[in-house]
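Listed below, chain by chain, are the residues.
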Amino acid sequence: DLVEGSLGEVWVEGEISNLRRQASGHFYFSLKDATSCVSCVLFAGQAAQNRGVRLADGLQARILGQVTLYEARGQYQ
């Protein structure tokens, strides 16, 4: 709660990799640069609102989102 509540929305920029779309409509991918990598999720409802946006491995992207903790893995995304 401390991290999620204090950061708010953040911009991240990098190259999309490991893109996969689930049957649920959610997109999972990594966003990486020369020194780091962050796991990302685009939920189905958000994807539906952004239908004109095309995601693909290797594309450079600038994304606005919220940092959350995926508790099952203890991983920030």
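As the structure is a computational prediction, the values presented were derived from the model and not from experiment. (Residues numbered from 1 in each chain as written. Predicted model: local features only at pLDDT ≥ 70, side-chain atom pairs only at ≥ 80, totals over all residues. Heavy atoms only, no water.)

Side note on the overall build of the chain
The helix and strand inventory of the chain stands at two helices and six strands. Each helix (α) and strand (β) of the chain, taken in turn from the N terminus, gives the series α-β-β-β-α-β-β-β. Its C-alpha atoms give the chain principal-axis dimensions of about 35 × 30 × 20 Å. Buried residues in the chain amount to 14% of all 77 residues. Within the chain, contacts between residues separated by at least 24 positions form 47% of all contacts whose residues are at least 6 apart in sequence. (Helix = DSSP H or I, 4+ residues; strand = E, 2+ residues; numbered from the N terminus. Buried < 20%, exposed > 50% of the residue type's maximum accessible area, 1.4 Å probe, protein only. Contact = heavy atoms within 4.5 Å.)

Quick look at the confidence of the model for the chain
Looking at the chain, pLDDT values average 88 and 95% of them are 70 or higher. For the chain, per-element mean pLDDT is lowest for helix H1 (residues 2-7), which scores 70, and highest for strand E2 (residues 27-32), which scores 95. (pLDDT = per-residue confidence, 0-100.)

Quick word on the sheet that holds E2
Read from one edge to the other, the open sheet built from four strands follows the order E3-E2-E1-E4, with strand pairing classed as antiparallel. The open sheet has two free edges, formed respectively by strand E3 (37-42) and strand E4 (60-66), since each of these has just one partner strand. Here the strands of the sheet are splayed against their neighbours by 50 degrees on average, with no regard to which way each runs. Strand direction decides the pairing type here: strand E1 (residues 9-21) and E2, joined by five bridges, are antiparallel. The residue bridging Glu 15 from the neighbouring strand is Lys 32, located in E2. (Pairing = 2+ DSSP bridges. Axes fitted to C-alpha atoms, helices over the stretch in contact; angles between N-to-C directions.)

Considerations on the environment of Leu 64
Mapped onto the elements of the fold, Leu 64 is located in strand E4. For the pair Leu 64 and Gly 14, spaced 50 residues apart in the sequence, the C-alpha separation amounts to 12 Å.

As for the environment of Arg 20
With respect to the element layout, Arg 20 can be found in strand E1. Not counting residues up to four positions away in its chain, the partners in contact with Arg 20 are His 26, Phe 27, Tyr 28 and Phe 29. Separated by 2.9 Å, the side chain of Arg 20 and the backbone oxygen of Asn 18 make a polar contact. (Polar contact = N/O pair within 3.5 Å; in protein donor to acceptor, adjacent residues only side chain to side chain.)

Section: the state of the cysteines
Two cysteines form a disulfide when their sulfur atoms are joined by a covalent bond. As enumerated under the stated definition, the model contains zero disulfides in all. Cysteine Cys 37 is unpaired, with the sulfur of Cys 40 as its nearest cysteine sulfur at 8.0 Å. You can call Cys 37 exposed: its relative accessible area is 52%. (Disulfide = S-S within 2.5 Å.)

A word on the pairing of E2
Linking two consecutive strands that pair antiparallel, namely E1 and E2, is a turn of five residues; a positive phi of about 95 degrees is found at Gly 25 within it. Note: E2 against E3, six bridges, orientation antiparallel. Following the sheet pairing, Phe 27 is matched in E3 by Leu 42. What sits between the antiparallel neighbours E2 and E3 is a turn of four residues.

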